[in-house]
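# Summary of the model geometry
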Amino acid sequence: MIGNQTSPFHLFGIRHHGPGSARSLLHALEQLAPDCIVIEGPPEAEDLLSLIGDDMQPPVALLGYVPKQPSRAIYFPFAEFSPEWQALRYAKRQNIPVRFMDLPWENELALLEPESTEPALSTPDVDEEDLHPDPSASSPTSESQIAQDPLSALAKAAGYDDTERFWEHWVEQRRDSVDLFSSVQEAMCALREQQNSDDPQQTRNALREAFMRTVLREAKQAEFKKIAVVCGAWHVPALLPETWPSAKDDRTLLQPLPKTPVALTWIPWTYGRLAAGSGYRAGVESPGWYDFLWHQLPRATTAPSIISEGWLTRVARLLRDRGLDASAAQTVDAVRLADTLAALRGRPLPGLPELNDACLAIFCQGNPLPMQLIHTQLLIHDRLGQVPADTPGIPLYKDIVQQMKTLRLDPVVESTECILDLRKDLDLQRSRFLHCLSVLGIPFGQIQSVRSQGTFKEGWLLLWKPEFVLSIVERACFGTTLEEALRGFLRDQAKQATSIDPLAQLLPSLVFCDVPGAIDPILQRIQDLSALNQDLVAWAKAIPPFVQLARYGDVRNTTLDNIQPILDGIVSRLAIQLPAACNALNDEAAQDLLTHLVPVHTALVTLQNQTYLQHWLAALNTIASTSAAHGLLAGRAARWLFEQGADAPDRLAQRLHFALSSAAEPAQAAAWIEGLLHGGAHLLIHDEPLWSVLHRWIQELSPEHFLQVLPLLRRTTATFSTAESRQLLQRVRQPTAPVQSAGNVATSDPNAPLLQNVLHTWARVVGVPLPPPASQEAP
Amino acid sequence: MSTVLRQHAETQYAEELAALRKVDTHPKPPHWQLSPWAVATYLLGGKLDNGFDVSAKYIGPRRIIEIAVSTLATDRALLLLGVPGTAKTWVSEHLAAAISGDSTLLVQGTAGTAEEAVRYGWNYARLLTEGPSLQAIVQSPLLRGMEQGKIVRIEELTRIPSEVQDALITLLSEKTVYIPELGETIQAIKGFNVIATANDRDRGVNELSSALKRRFNTVVLPMPETLEEEVEIVQKRVASLGRVLELPNEPPALAEIRRLVTLFRELRAGKTLDGKTKLKSPSGTLSTAEAISVMNQGWALATHFGDGQIKASDLAAGLIGAVIKDPHQDPAIWKEYLETVVKEREGWKDLYRACREHA
């Protein structure tokens, strides 16, 4: 046990977010029964400790921010398996005082660079020297690495990849876990002796440790008898009472510290943000695994195999839920393989690397994709913590409420309509604000279509719901201001996206949000994905929002230089891949593809970018000219080419002849004509050039050929309504003029008998009986 | 020197195996010649406590060999999967040699492999004279391995017709073969296990049924991760093959190997090593094994028709043969690569000219 009769201090060097540490700490605290606990944390947070109770569920984080600049913030996350959290809970249960002894955040924030680019990610509260290194890094342990993660260095020296398992074996094999902390102390003293004092990191550590000693001195003066000191293992040697420098020295060291006002609160945290990959510098590799260990460790003392059995059973169940093969027999094999692997690697029990290797070889059959699933679902096992309702203000919430006040938007509880005139500055700001909220998933305003003229009007339906607070709190981990949270949220969305199309759908509203830097990660991700992705439909879906963006970007004077190259890439990729994708499709797939292509065509035509149109028309031309393309798509391509003036009427007639020639497969030909005419009869009725091409073609058909193609034509014309068919016939009677409402046939037409023939022909095409001639004078 | 073109692993590396056996104090599974630790050391190489150097047979991630060895120790069958040229057969041969001291129990899988090759056949002469008896049975390598408690290798498992693959399913789970004609069962003794190799890229293969896949632990052998690793592999193999083929001169210079491997890696990955230029990939796999054979061919050419020093012109013929596998697409891809990358690159002028001449 550390500490003796003269010293009230009992030092517990722990590993942040280490379940093994947490378990032994808890055990040690129960044995010691301290009358005060001092924890490495910001002293300002002591007032907030009363909020810890049953309605606070980890993962949660202490958040400190500069009230006037909420973007300057520090987070101190706790998971259930964090030793500090367990110490706090213990103190709460025993009703003993807790002191925080780290350097106050008011100094910490002032010491941090004010214009730090990503302040939301700074976590100086957790020692950099306790960073959990990437376990896959197997480079020889250098001095600086020892300083970064002393326990890991020890674990490596003992032949463990996984510090937690090392700790666990180290701990569980000892009867008296208080002894463990004295070995930690010995080890750390030895490590720190070798340490290079020139390290700039040491300057700040010296400050922090000086402050820690100051707090400890105060605690001693307060006449506590048994003081449990919980700190990162690295600090233990500096806090040993026999090594303390004089109080005066510490005071001198702490004298010139700058200060900045700071506000603190609790916010819910997530395991995803606790994971090492999330930008949190003291992150742990796999929070889900640690969570599992924390809950299994008590049972593992008596039955160590429960860890691998329990974990692999979870893996098997997860894979089975997702429809992958994973039998109980395979679980047994996986447990055996993990055990043998551990034996081969000289470990007493399998750790996470062995378990992962076994999963890959047995459950995934060497295929790394299901391992991804295991990673996100089990290793990260993302979950959101919970904070009590009476927690002092969340900065993001405060920021939103503040903005609502400034913008004079009341949190109305009944649906209220609100028309914004975007030419006015206030309304433009309001629109931005509402767009930002809805992108964040806080639908305070629902956008409505406005009937009035012009694009400068925007209609919103406003309704404030109490549960928005929860959504805001949920988003609070992304940033402290609306803009920053939006940026963080979008960065997260971009990272999670596996397909470009949901990201592209976000783009138009992002332009309206007009938050600098928000759109960039999305664009970057779209670019990366579109280079990797061969999903034609995703590209097709992405184009309309992009085009919208390109157009509105101009209206709103937003510089969107970066979207051009991406759109370039997507359009040309689509144009290159499309012709091949139109081949060998069944009817359903072709129909599906066509529904995606129609908006693309409309968008590109609206945008009128000549390069794009050129690419696009070239692709269409290839489709229309290859007989391998599905008829529906080829027919539509032919129509679009004709409409865009890329094909002369003769060319369309030629295509029509070719597609419906007698050698053509009937189904293919019917699909072609459907592709051409789809969109209803009114197109044929009103589109003069198309009509005349079709009309001429029918007239030129030989009677035999006509009989052959008739069923094919009827397949499409049968979808016309009777009224449309009649109108079409009407159209025949008036070959040149647009359709009139009443049926007036030129009575004195010298070609009346011929016309009568044509009418009969068309009557057969559209499948309605020929109405009696409007004029009875005709013979 | 033996006149055998290619010696069995256990003969070629007999000295290393003996040295390992001498120092091996770790526990051995039944009928294993070496402990799992020693097997892993044999494959991955290392220095023994007595100063003996074990050469590395497999250059790549350590964990792959560890999983493979552990799998065999748990009596689950091992499936080595990978694209052509990732040393699947090489690893399986050395595993069998190290574990059983015998890499010859081998089923060479083909489209024509019949069930007799995995179960048993009959010696008809004896069958007719003596009637059905155990002596009249022609044992498959698998049956022999079961009786002797040894590792059996099945090469090219995916080329074996599906119905013959099915015969393996119960054999692997029950570890017995029933002979209805004799009413007898042959049971495997401890130490028996199966290493199968298969590649997942070639065409014309029989996909493994999921029932069979479940009976294997699958280990995917990756392509060499870094340029250095791949250069090392090519260098080692070229030198050792050269010895076997009795090529007299100095083995090829490292620079030449590095250039060849760079070219292979770039075409395989579809981009230049600096990641700046996108390239089209030809249809072939361009595996390390192919790089080795191109290098060897160049060496032989230089020895027999040149001055013994490998020049770009010696490599060009083999190189083009390795890259251009599809007569329609690949020539254009190769030409594009020559013109955009090889031509511009510092110190590659000779290679560019040589390839142009051969084209």
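Above this text you will find the structure in question.
All figures in this text were calculated on a predicted structure; none of them were measured in a lab.

About the criteria used
- Residues numbered from 1 in each chain as written.
- Chains lettered and ligands numbered in written order.
- Predicted model: local features only at pLDDT ≥ 70, side-chain atom pairs only at ≥ 80, totals over all residues.
- Heavy atoms only, no water.
- Helix = DSSP H or I, 4+ residues; strand = E, 2+ residues; numbered from the N terminus.
- Buried < 20%, exposed > 50% of the residue type's maximum accessible area, 1.4 Å probe, protein only.
- Contact = heavy atoms within 4.5 Å.
- Salt bridge = Lys/Arg side-chain N within 4 Å of Asp/Glu carboxyl O.
- Buried area = accessible area lost by both parts, 1.4 Å probe.
- Polar contact = N/O pair within 3.5 Å; in protein donor to acceptor, adjacent residues only side chain to side chain.
- Nonpolar A, V, L, I, M, F, W, Y, C, P; charged D, E, K, R; others polar.
- Pairing = 2+ DSSP bridges.
- Axes fitted to C-alpha atoms, helices over the stretch in contact; angles between N-to-C directions.
- Core = buried A, V, L, I, M, F, W, Y, C linked by side-chain atoms within 4.5 Å.
- Phe/Tyr/Trp six-rings, centres within 6.5 Å; stacked < 30°, edge-to-face > 60°.
- Lys NZ or Arg CZ within 6 Å of the ring centre and 35° of its normal.
- Parallel < 35°, antiparallel > 145°, perpendicular 65-115°, else oblique.
- Left-handed = near helix turned anticlockwise from the far one by under 90°.

Along the backbone of chain A there are 34 helices and ten strands. In chain A, which comprises 779 residues, the share counted as buried stands at 54%. Sequence separation of 24 or more characterises 75% of the internal contacts of chain A that already satisfy a separation of 6 or more.

As a further point, take the pattern of salt bridges. Oppositely charged side chains are able to pair whenever their charged atoms sit close together. Enumeration according to the criterion identifies 37 salt bridges over all chains in this entry. Linking B:R126 and B:E130 is a salt bridge whose minimum nitrogen-to-oxygen distance equals 3.2 Å. In this pair, B:R126 and B:E130 both sit in helix α6 (residues 124-130), four residues apart, roughly one turn of the helix. Note that B:R268 is salt-bridged to B:E230, the shortest N-O span being 2.6 Å. Pair noted here: B:R268 is in helix α11 (residues 254-269) and B:E230 is in helix α10 (residues 227-244), with a separation of 38 residues, a long-range link. B:R268 sits in the partly exposed class, given a relative accessible area of 22%. If you follow the salt bridges from partner to partner, you end up with A:R345, A:E354, A:D357, B:R62, B:R63 and B:E66 in one network.

What follows concerns the interface of chain A and chain B. Tallying the contact residues gives 15 residues for chain A and 19 residues for chain B. Overall, the association of chain A and chain B removes approximately 1,500 Å² of surface from exposure, summing both partners, and the carbon and sulfur fraction of that is 57%. Where chain A meets chain B, there are five salt bridges. Linking B:D75 and A:R336 is a salt bridge whose minimum nitrogen-to-oxygen distance equals 3.3 Å. The tally of links between chain A and chain B comes to seven residue pairs in polar contact (both at pLDDT 80 or more). Sorting the residues of the side of chain A that touches chain B by element identifies α14 (328-344) and α15 (352-363) of chain A as the ones contributing at least two each. Per element, the largest residue contribution to the side of chain A that touches chain B is seven residues, and it comes from α14(A). For the side of chain A that touches chain B, a count of residues per class yields six nonpolar, four polar and five charged.

With that settled, consider the sheet that holds strand β4 (residues 106-108) of chain B. All names here are of chain B. Spatially, β4-β7-β10-β3-β11 is the arrangement adopted by the five strands of the open sheet, whose pairing is parallel. The open sheet has two edge strands, β4 and β11 (216-220), and neither has a second partner. On average, adjacent strands in this sheet sit at an angle of 15° to one another, irrespective of strand direction. In the sheet, β4 pairs with strand β7 (residues 151-155) via three bridges, with the strands oriented parallel. From the neighbouring strand, Q108 faces β7, where its bridge partner is E155. Sitting on the sheet, helix α4 (residues 62-73) touches β3 (77-81), β7, β10 (193-198) and β11, and the angle it makes with β11 is about 165°. Docked against the sheet, helix α5 (residues 88-100) engages β3, β7 and β10, running at close to 170° with respect to β7.

All names here are of chain A. Among the structural elements, D291 can be located in helix α12 (residues 287-300). Judged by relative accessible area, which is 7%, D291 ranks as buried. A polar contact is formed between the side chain of D291 and the side chain of Y271, at a distance of 2.6 Å. Apart from the residues lying within four places of it in its own chain, the contact partners of D291 are E80, F81, Y271 and R383.

All names here are of chain A. Read from one edge to the other, the open sheet built from three strands follows the order β8-β10-β9, with strand pairing classed as antiparallel. The strands lining the two open edges of the sheet, one partner per strand, are β8 (416-421) and β9 (445-448). Between one strand axis and the next, the sheet turns through 30° on average, direction left out of account. In the sheet, β8 pairs with strand β10 (residues 457-462) via six bridges, with the strands oriented antiparallel. Across the sheet, the residue bridging to L420 is E458, located in β10.

The next point concerns the nonpolar core. Among the nonpolar cores identified, the biggest contains 243 residues, and A:W266 and A:F546 are the most heavily contacted of them. Listed in part, the 39 residues of the second largest apolar core include B:L279, B:L286, B:V341 and B:Y352.

Another point: the packing of aromatic side chains. Using the criterion set out here, one finds 16 aromatic pairs over all chains in the structure. Plain terms: the ring middles of A:W85 and A:W266 are 6.5 Å apart, the flat faces sit at 85° to each other, and that makes the pair edge-to-face. Taken together, the positions of A:W85 in helix α2 (residues 83-94) and A:W266 in strand β7 (residues 263-268) put the pair 181 residues apart, joining distant regions of the chain. What makes A:W85 buried here is its relative accessible area of 2%. With a centroid separation of 5.7 Å and 75° between ring planes, the pair formed by A:F478 and A:F489 is classed as edge-to-face. Within this pair, whereas A:F478 is found in the loop between α19 (468-475) and α20 (482-496), its partner A:F489 is found in helix α20, the two being separated by eleven residues in sequence. For the pair shown, A:F478 and A:F489 are each scored as buried. If you follow A:R23 out to its NZ or CZ, it ends over the ring of A:W294, 4.0 Å from the centre. The residue whose ring lies beneath B:K57 is B:Y13, and the NZ or CZ to ring-centre distance is 4.8 Å.

With an omega dihedral of 5°, the bond running from A:P58 to A:P59 counts as a cis peptide bond. Topologically, A:P59 is positioned in the loop between β2 (36-39) and β3 (60-66). Located in the positive-phi region is A:R408, a residue other than glycine, with phi close to 55°. Structurally, A:R408 is set in the loop between α17 (395-406) and β8. The exposure class of A:R408 is exposed, given its relative accessible area of 59%. Backbone geometry places B:D75, a non-glycine residue, at a positive phi of 65°. Within the fold, B:D75 resides in the loop between α4 and β3. A relative accessible area of 37% means that B:D75 is categorised as partly exposed.

What follows covers the packing of helix α25 (residues 587-607) of chain A against helix α27 (residues 631-643) of chain A. All names here are of chain A. At their nearest, the axes of α25 and α27 sit 10 Å apart, and the two run at 20° to each other. With respect to α27, the element α25 is oriented roughly parallel. Between α25 and α27 lies a crossing of right-handed hand. From α25, A590, Q591, L593, L594, L597, V598 and H601 reach across to α27, where they touch L632, L633, R636, W640 and E643. Classifying every residue of the contact of α25 with α27 by side-chain character gives eight nonpolar, two polar and two charged.

All names here are of chain B. Among the nine residues of helix α3 (residues 36-44), eight are classified as buried, and the element is accordingly described as predominantly covered. The complete set of buried residues in α3 reads P36, A38, V39, A40, T41, Y42, L43 and L44. Downstream of α3 by a residue or two, G45 has a phi angle that is positive, lying close to 80°.

To continue, consider the side chain of A:D250. Residue and element names in this part refer to chain A. Mapped onto the elements of the fold, D250 is located in helix α10 (residues 247-254). For D250, a relative accessible area of 2% translates into the label buried. The contacts of D250, once residues within four sequence positions are left out, are A210, R213, T214, R217 and P245.

Here we take up the pairing of β7(A). Residues and elements named next belong to chain A. When you tally the buried positions in β7, you get six out of six residues, the bulk of the element. Here β7 shows a buried face lined by A263, T265 and I267 and a second buried face lined by L264, W266 and P268. Relative to β7, β3 is paired through six bridges, and the arrangement is antiparallel. Across the sheet, A61 pairs through a bridge with I267, a residue of β7.

By themselves, these figures tell us nothing about what the structure is for.
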